[in-house]
Amino acid sequence: MATKKKGRTSAKKKRFIARVAAVIVTIILLLVIAALVLYFFFPETFYKLYDKAKAAYLEYTKTLYYDSDDDDPEGTEGVNSQPVPEGELADIATSQFSIHFLQLGNKYTGDSTLIKCGDTEVLIDAGSRKSSASTISAYIDQYCTDGTLEYVIATHAHQDHIAGFVGNSDGGTKTGILYRYNIGTIIEFSGHNTDSQIYKDYVAATEFAEERGATVYTATQCWYERDGASKSYALNDDGTLTLNVLYNYYYENETADENDYSVCVLLSYTPAEGEASHYLFTGDLEGDGESHLVDDNQLPKVKLFKGGHHGSKTSTTDKLLSVIQPENIAVCCCAGATEYTDNPDNTFPTQAFIDRVSKYTENVYVTTMCIDYDAGTFEPMNGDIVFYIDENQLKLWCSNNTTKLKDTEWFKANRTGWTD
Ligand SMILES: [Ca+2]
Ligand SMILES: [Zn+2]
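Residues numbered from 1 in each chain as written. Chains lettered and ligands numbered in written order. Predicted model: local features only at pLDDT ≥ 70, side-chain atom pairs only at ≥ 80, totals over all residues.

**Examining the overall build of the protein chain**
- Along the backbone of the protein chain there are twelve helices and 18 strands.
- Put simply, 70% of the contacts in the protein chain that link residues at least 6 apart link residues at least 24 apart. (Helix = DSSP H or I, 4+ residues; strand = E, 2+ residues; numbered from the N terminus. Contact = placed C-beta atoms within 7 Å.)

Structure follows, in structure tokens:
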């Protein structure tokens, strides 16, 4: 009796399992058929869904990076916060070299960084809107006296990094940086997804510069030193200051995240005597890109880091920080602006960013501060932020003040960190 009953139960069980398996197989088959139908008959919808799924996956892997507690880096609270002496505006132009993080003249997030060494200038990005072109060029004109920007880098195809290259038309005169100056070498992103108007305008501006004698290379050409491109450019005669194109996995691989296409460069100063120092610029590279950047390059500890992606929670990961251990960080953003989010913790510079960088340094500076986003009002925070090397010593000058982020009223009202 007992065995009979058992046999009946196991037969029932088997039938049930077979039914479930049949249902699962049918669902999979239907999904495959649906995907094939979309792929062959509605390719646009197919690719749209594919991109969405890919983006969701990327977002998921990002969450893994940011929520992990177990990869706590060795850094201890503000361990690298060596004081940086305050400099004088009058000394910047004649200093050995200088790095300028520019205000962009509006309430929007964006990047524009000027590096100057003698008569050689490097301009990394020109955000945040077309109208920023006049703000940026007014600033450049204080330092560039030969009318030529020897190097221009466009990190990725987003408006807040390239709009100032395009600029506006002012009574028939184009104000864009690529129209206004003689350009030596342009190093640009290898990949892009966007086909926005500003991207097309940027391409036209680059072509204009090219017709006037500029050389245009992609970061990939630089990395492999193809077609006359180089991965390392000397910015001074004795070759002690070099601009080095780093390898980013996404120069050669596709991603749904435009930011991960960012051109990444390392500025290295290696004087004959004394310590070498390094300065890192990663555009809007995200956590995934940073992970590859660490794996694929021998990154040194850095004197200065341009805070990843305007101080976003999705960049400046523990993995990158534990390698570069920055002494100073400049963040290009309009602090507290609700341009991308209404969550006050996630406006730039985000609380998550501060939680991570505070382990390494309290020397964090921010260009601009939002007063009222809807009204379009803003003020300088530190203003234009300038780090420069004079007599082999790093100095800091800012157009508004050199107050560290942690000591600002904005910070005290909106963020926590750097507890004593
Ligand atoms: Ca020049
Ligand atoms: Zn950006």
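**Remarks on helix α4 (residues 132-140)**
- Here α4 has its buried residues at S132, A133, I136 and I140. Mapping the buried residues of α4 onto a view down its axis gives an arc of 100°, with all of them on the same face. (Buried ≥ 20, exposed ≤ 12 C-beta atoms within 10 Å, placed from the backbone. Arc of directions from axis to C-beta.)

**What about the environment of S291?**
- By the element assignment, S291 lies in helix α9 (residues 287-296).
- Look at S291 and you get partly exposed, because 17 C-beta atoms sit within 10 Å.
- When the C-alpha atoms of S291 and T109 are compared, they prove to be 24 Å apart, with 182 residues separating the residues in sequence.

**Some words on the environment of G289**
- By secondary structure assignment, the location of G289 is in helix α9.
- Since 27 C-beta atoms lie within 10 Å of it, G289 is described here as buried.
- G289 has contacts with N248, Y249, Y250, D260 and S262, leaving out every residue within four places of it along the chain.

**Brief notes about the domain arrangement of the protein chain**
- Examined at the domain level, the protein chain breaks down into domain 1 (2-65) and domain 2 (78-414).
- Inter-centroid distance (C-alpha atoms) of domain 1 to domain 2 is 45 Å. (Domains from an automatic or database assignment.)

**Some thoughts on helix α5 (residues 159-166)**
- Counting buried positions along α5 gives eight out of eight residues, so the element sits mostly inside the fold.
- All of the buried residues along α5 are Q159, D160, H161, I162, A163, G164, F165 and V166.
- On its buried face, α5 sits against α4, β4 (148-154), α6 (177-180) and α7 (197-211).
- Within two residues after α5, G167 carries a phi angle of roughly 65°, on the positive side.

**Thoughts on the pairing of strand β10 (residues 241-245)**
- Here β10 shows a clear split, with L241, L243 and V245 buried on one side and none of T242 and N244 buried on the other.
- Relative to β10, strand β9 (residues 232-234) is paired through three bridges, and the arrangement is antiparallel. Considered in β10, the bridge of Y233 is made with L243.
- Following β9, the chain reverses through six residues before pairing antiparallel with β10; G239 in that reversal takes a positive phi of roughly 70°.
- Where β10 lies against strand β11 (residues 265-269), five bridges are found, and the strand directions are antiparallel. Looking across to β11, one finds that V245 is bridged to V265. (Pairing = 2+ DSSP bridges.)

**So, the packing of α5 against α7**
- Look at α5 against α7: their axes get within 9 Å of each other, and the N-to-C directions meet at 45°. Judged on the interaxial angle alone, α7 and α5 are oblique. Considering how the two elements wind past one another, α5 and α7 form a crossing that is left-handed. Within the contact between the two elements, α5 uses Q159, I162, A163, F165 and V166 and α7 uses I198, D201, Y202 and A205. (Axes fitted to C-alpha atoms, helices over the stretch in contact; angles between N-to-C directions. Parallel < 35°, antiparallel > 145°, perpendicular 65-115°, else oblique. Left-handed = near helix turned anticlockwise from the far one by under 90°.)

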